[in-house]
Each structure stands twice: as C-alpha cells, then as structure tokens.
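# Structural features, examined
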Protein chains: 2
Amino acid sequence: MEQDQAPSEKPGHPPAQATLHEVRTAENSAAHLLPTLQTMKESNPHLTLLDVGAGSGTISVSFAKLIPDGHVTGVDLNPNILPRARAVAERDGVKNIEFQQGSVYKLPFADETFDVTFCHQVLIHIGTPWDALREMLRVTKRGGIVAAREGDYETECVWPELPELRKFHKLMAGLMSAGGGTPTAGRQLLSWALKAGVERSQITLSYSTSSYSTPSDRNICSQGLCDQLRGGSRLREKALKFGLGAEDDFEEMAKAWEEWAKRDDASLAMLHGEILVQK
Amino acid sequence: MEQDQAPSEKPGHPPAQATLHEVRTAENSAAHLLPTLQTMKESNPHLTLLDVGAGSGTISVSFAKLIPDGHVTGVDLNPNILPRARAVAERDGVKNIEFQQGSVYKLPFADETFDVTFCHQVLIHIGTPWDALREMLRVTKRGGIVAAREGDYETECVWPELPELRKFHKLMAGLMSAGGGTPTAGRQLLSWALKAGVERSQITLSYSTSSYSTPSDRNICSQGLCDQLRGGSRLREKALKFGLGAEDDFEEMAKAWEEWAKRDDASLAMLHGEILVQK
C-alpha cells in the first residue's frame, strides 16, 4: 500500500507489517486482471505495466514473471520501501522491473506510457481516489487497461468474535478514516471510476475475497498484526495521536490475535471490489 | 433455500422470490466443490449426489448435467416447491434427477447412501446447523464429501447507501434471526462442522462472493426483492408478525430498490463461507 509504510530499519529488509503484505502476488491480488493480461500478451509480448503503490513489490515482481518479455514499473510514495522492493526482485531473479518514488496523484510519466496500470489497496487510503484513477488513466495508452482492487474493510468478518478483535477492527477503521481513507472502498470503487470520467460501459466490476484460516495462514496474520500492535510500525503512534487507543489496549489486542491463531475454528475474511477499465 | 418458500400459486411455476433463486447454478453457487466433483467423476462416473434444500432445483439440475452418468436427488422441506423443481429439470431435458420432500434434520435416506451431499443457503436459516451437518455426514459414504455454502449476511454491502436499503438490510437480518437463523452463517460454517464432530484436518474452508452490478443483474435483483416486498411471499406477513416493519415501509423499500437498479454506480455484494468435508 502507498501509505502506512514505516521506514525500514535495515534497507532492503521488510518493515514489521510487511509480513502480511508480502504474501501478496498478482495471482492472489490481481486475479481479475490476469485473463485480460494474458490476452493482451498474446498480441503484444512487450507489454508495459505500472504498479502504483507497489510497497514491498511482491505483486509487481509476480507481474514481471507473467510478462517476461514485457516490463514492469513499480512506484511508491514512500522512498524507504523501494530498497525492499528491489531486494524482492533480486531474490526472485527478476530483471524486467524497476522501482521508483512517485505519488498516485502525480505519476512521474508522460501521457499514454503504459499498456496496463494497476493498483491494490491504494485508493482505500487516500482522500480523492477519483483523482488518482484519472491520473492512472492519463498514463495509460488508448486501448490499454486500468485495473484496481480495493478492500471493503467494513465487510471484514472474524470468527471467533473475541471482544478485543472487535476493538481492533474499530481501531483500524478509525485510523483509515482519520488518515483520509475510506473503509468502504470496495463497494465504492465503481462510483469512483465513474467520477473519474469513465463511462459505465468501459468498466467491468467484480468482487473477490481474501481470507486466513489454515494454521500457517493464521500464524502469518497473527504475527503481522502483533508486530504492528507491539511496535515496529506507525500504528501505535497514530492510534495514540488520533485518540483511537491507549497503551494497554495494544497488548490486549495482540494477545487476542495470538489466541485467535491457536483456534481450529478461527478465520478472517474480507470482501474486495475490483475494476477493469478499458481506456 | 429450505425455508421461506411460499406455496406456488400455479404448481410448477416459480413463486415470486424464485426470480432471484433461479439464477443459481452449481457453477455460481458450488464452485468450491466442482474441481473435487470432477476428480471423483473421473474415477466413478456413476456418482450419486444429494442436494439438500434444493428449492427451485436450478443448482440440482446443473449438478445433474455435470454428472450425466450419475444421479442427483434434491430434497426440500417444502413440498409445494417440488413441482417447480421438476419443471426446471424437464425444461432442461435432465433425466438423471429426482426431487422429494425431506428435512435436513431427518433425511429420508439410509446411512452412507451418497457420494456427495451438498447444501446452499440452508444452514443460515435453521436453529442447530451442526445437527444438520451431522445428518448430512450420516447419509454420505465413507470417502465421500459433504459440501456447504452459506452467506454471511452481515457482510452484505450495497452502494449507493440509500437509507431505505439500510432499513431493508436490517429487516432481512431481523427476519432471519427471528426465524432461528444466523445472519453471520458464513464466518461460522467452520465452527459448525467442528461441532458436528469433524476434525479440522478433514475440512477445507474457503470464501467466495455473490454480487449484482450489471444492468440486467440489477433488474433481476430489484424485481425479485420488489416482488417480495409488494406481496407474493411470506416476507411481509412475517415482518408484521415479528414487529420488524410496517405496511408503509415495504413500498418505500421497494421504490428504493427500483431507484438502485437504475443507477450506473450501483452494486450489491456479499461474502459466502464454503466448506468441503472429507468423510
């Protein structure tokens, strides 16, 4: 995601919350785009793709593997995350990729540069997502595709319903709103594309899910959230600043996530909105 | 669904709310089961499948098409829906199918009768869903599969957020609870299977979505809901009985659904929980 990236302590190493972000790939986070990408690749193997708000770069790198004769550019607002993204590409031996700093509101590219422009969990965090979509459309070639996938945080459902996990949900929604974001992004994505000036007939809307329920998934999820709650990210600092939590709350919530991870009946799921816009 | 079926005015014709139910197929409502069903069919083309709470039978009929050398049995608690289910099978020229009356709590079959036992939007409506799952397991052969898909109504997200649509959501959740059902069924499905005596290692949990957003989907959805709100189903009668709505409310909600259907930015989506249980 474009925001919420704490400066990494060691350049090239993931920040605390990256445990969770780095399970993201094109396959699990851009599945709605992949059939179209495959069709486009068949007529032009040299596709160029822009991943906006690339973060740790795991989605960008998996896109680069899918278009080995094409080229991927990842941008993120936070320059401190770029070394980590480059390290992920190097680890995976991916060469057809580059990362640079940039804002989704003012992308550092000429009009009609990319065949495909994508973002994931970016619009949910920003104040005027339709402006971001308009900017993404600007840098996309005619006949190209703008694709986005954004969570609908209000649909998040957790079982068992431990009281501290409810508190955590409210904290995260509160932080998102306090930062200018939109917890109901998923359901609003279509309306934002229309507001960016696109016709309804150019847009394909779909919905998908993300979830954690196997023992290993529960551990990844719990550890990622506990790392954030116990420090290592700006979550605590921001929660205190906005009056959304007290010091004692964070440890209680972390313990609840640890309890959740141990339970066989536990799961966490959320709905995501997805659009493909034909320019 | 097993409950909420009003007697059909004309036998073999769909009741009002069936407009919505009859878009259901194995492909859109049992996708999590289909790869396993295909594998099972390859080693045994003569599979037997039980669809519990078959309703209008559209899911059962599409299962029967997928296992042409197998056989499908659909049961529903409401005998008045069975002529419609048989009419759907006849319309589609499907012969390897039969429908009969039966309760999910006391299925009219011997132990270990079916290779696959399935239900969709049944457990969400009943008081002790783990008993229903135990009964589904009983009639399933060793080595067979019990599969279920249940909505999580609390995750339903509608855009635009018209006040009357919020009221409608509350009404439906209230009716479900008043009738002994569980609006958060999707997230609880795994816990119900464990309560039915199954080990976690036998269960595969996944989540999927249903949604309406294209103009034709919006019309189907709006018409189905307006039919229910304006009569032709037991919704009004039950809402009045449980004190969940007044006569004036129903028409206002119906008008809101009509307005919703006309809007280009409109969508409706919901998360569903899905399990496969290996017996």
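See the structure printed just above.
What counts as what
- Residues numbered from 1 in each chain as written.
- Chains lettered and ligands numbered in written order.
- Predicted model: local features only at pLDDT ≥ 70, side-chain atom pairs only at ≥ 80, totals over all residues.
- Heavy atoms only, no water.
- Contact = heavy atoms within 4.5 Å.
- Buried area = accessible area lost by both parts, 1.4 Å probe.
- Salt bridge = Lys/Arg side-chain N within 4 Å of Asp/Glu carboxyl O.
- Polar contact = N/O pair within 3.5 Å; in protein donor to acceptor, adjacent residues only side chain to side chain.
- Helix = DSSP H or I, 4+ residues; strand = E, 2+ residues; numbered from the N terminus.
- Nonpolar A, V, L, I, M, F, W, Y, C, P; charged D, E, K, R; others polar.
- Core = buried A, V, L, I, M, F, W, Y, C linked by side-chain atoms within 4.5 Å.
- Buried < 20%, exposed > 50% of the residue type's maximum accessible area, 1.4 Å probe, protein only.
- Phe/Tyr/Trp six-rings, centres within 6.5 Å; stacked < 30°, edge-to-face > 60°.
- Lys NZ or Arg CZ within 6 Å of the ring centre and 35° of its normal.
- Pairing = 2+ DSSP bridges.

### Examining the interface of chain B and chain A
- Contacts between the two partners involve 27 residues from chain B and, on the opposite side, 27 residues from chain A.
- Between chain B and chain A the total buried area reaches about 2300 Å² when both faces are included, carbon and sulfur atoms providing 63% of it.
- Together, Trp 159, Arg 187 and Tyr 207 of chain B form the three largest contributors to the area buried by chain B at its contact with chain A, with a combined 25%.
- Scanning the region where chain B abuts chain A turns up two salt bridges.
- The shortest N-O distance in the salt bridge between Glu 161 of chain B and Arg 187 of chain A comes to 3.2 Å.
- At the junction of chain B and chain A, the tally comes to 10 residue pairs in polar contact (both at pLDDT 80 or more).
- Looking at the side of chain B that touches chain A, the elements with two or more residues in it are β5 (140-159), α8 (185-195), β6 (203-212) and β7 (267-278) of chain B.
- For the side of chain B that touches chain A, the residue count by class is 11 nonpolar, nine polar and seven charged.

### Structural notes on the nonpolar core
- Residues Trp 257 and Trp 260 of chain A together with Trp 257 and Trp 260 of chain B are the most contacted members of the largest nonpolar core, which totals 126 residues.
- Once residues within four sequence positions are removed from consideration, Trp 260 of chain B is found in contact with Val 158, Trp 159, Pro 160, Leu 162, Leu 165, Tyr 212, Arg 218, Cys 221, Ser 222, Ala 266, Ser 267 and Leu 268 of chain B.
- Grouped together as the second largest cluster of nonpolar side chains are 28 residues, Ala 26, Ile 81, Val 88 and Ile 97 of chain A included.

### Brief notes about the packing of aromatic side chains
- According to the stated counting rule, one finds eight aromatic pairs over all chains in the structure shown.
- Ring plane angle 75 degrees and centroid distance 5.2 Å describe the contact between Phe 63 of chain A and Phe 118 of chain A, whose orientation is recorded as edge-to-face. With a gap of 55 residues between them, Phe 63 of chain A in helix α4 (residues 58-66) and Phe 118 of chain A in strand β4 (residues 114-120) connect regions that are remote in the sequence. In this pair, the class of Phe 63 of chain A matches that of Phe 118 of chain A, namely buried.
- Between Phe 168 of chain B and Trp 257 of chain B the ring centres are 5.5 Å apart and the planes differ by 85 degrees, which places this aromatic pair in the edge-to-face class. Highlighted residues: Phe 168 of chain B in helix α7 (residues 163-178) and Trp 257 of chain B in helix α11 (residues 247-262), separated in sequence by 89 residues.
- Put simply, the rings of Phe 168, Trp 257 and Trp 260 of chain A touch in pairs and so form one group of aromatic residues.
- Above the face of the Trp 130 of chain A ring, Lys 195 of chain A is positioned so that its terminal group lies 3.7 Å from the ring centre.

### Concerning the pairing of strand β7 (residues 267-278) of chain A
Residue and element names in this part refer to chain A.
- Taken across its 12 residues, β7 has 11 buried, putting it largely inside the fold.
- Here 11 bridges tie strand β5 (residues 140-159) to β7, and the two strands are oriented antiparallel to one another. Along β7, the bridge assignment pairs Asp 152 with Leu 271.
- Here strand β6 (residues 203-212) runs beside β7; their pairing, made up of 10 bridges, is antiparallel. Residue pairing across strands places Tyr 212 opposite Leu 268, the latter belonging to β7.

### Section: the pairing of β5 of chain A
Residue and element names in this part refer to chain A.
- In terms of burial, β5 is a largely internal element, 16 of the 20 residues being buried.
- Inspection of the sheet shows β4 paired to β5 by six bridges, in the parallel sense. Within β5, the position partnered with His 120 by the bridge is Arg 149.

### Some thoughts on the environment of Cys 157 of chain B
- Its location among the elements puts Cys 157 of chain B in strand β5.
- Between the C-alpha atoms of Cys 157 of chain B and Asn 44 of chain B, which are 113 residues apart in sequence, the distance is 41 Å.

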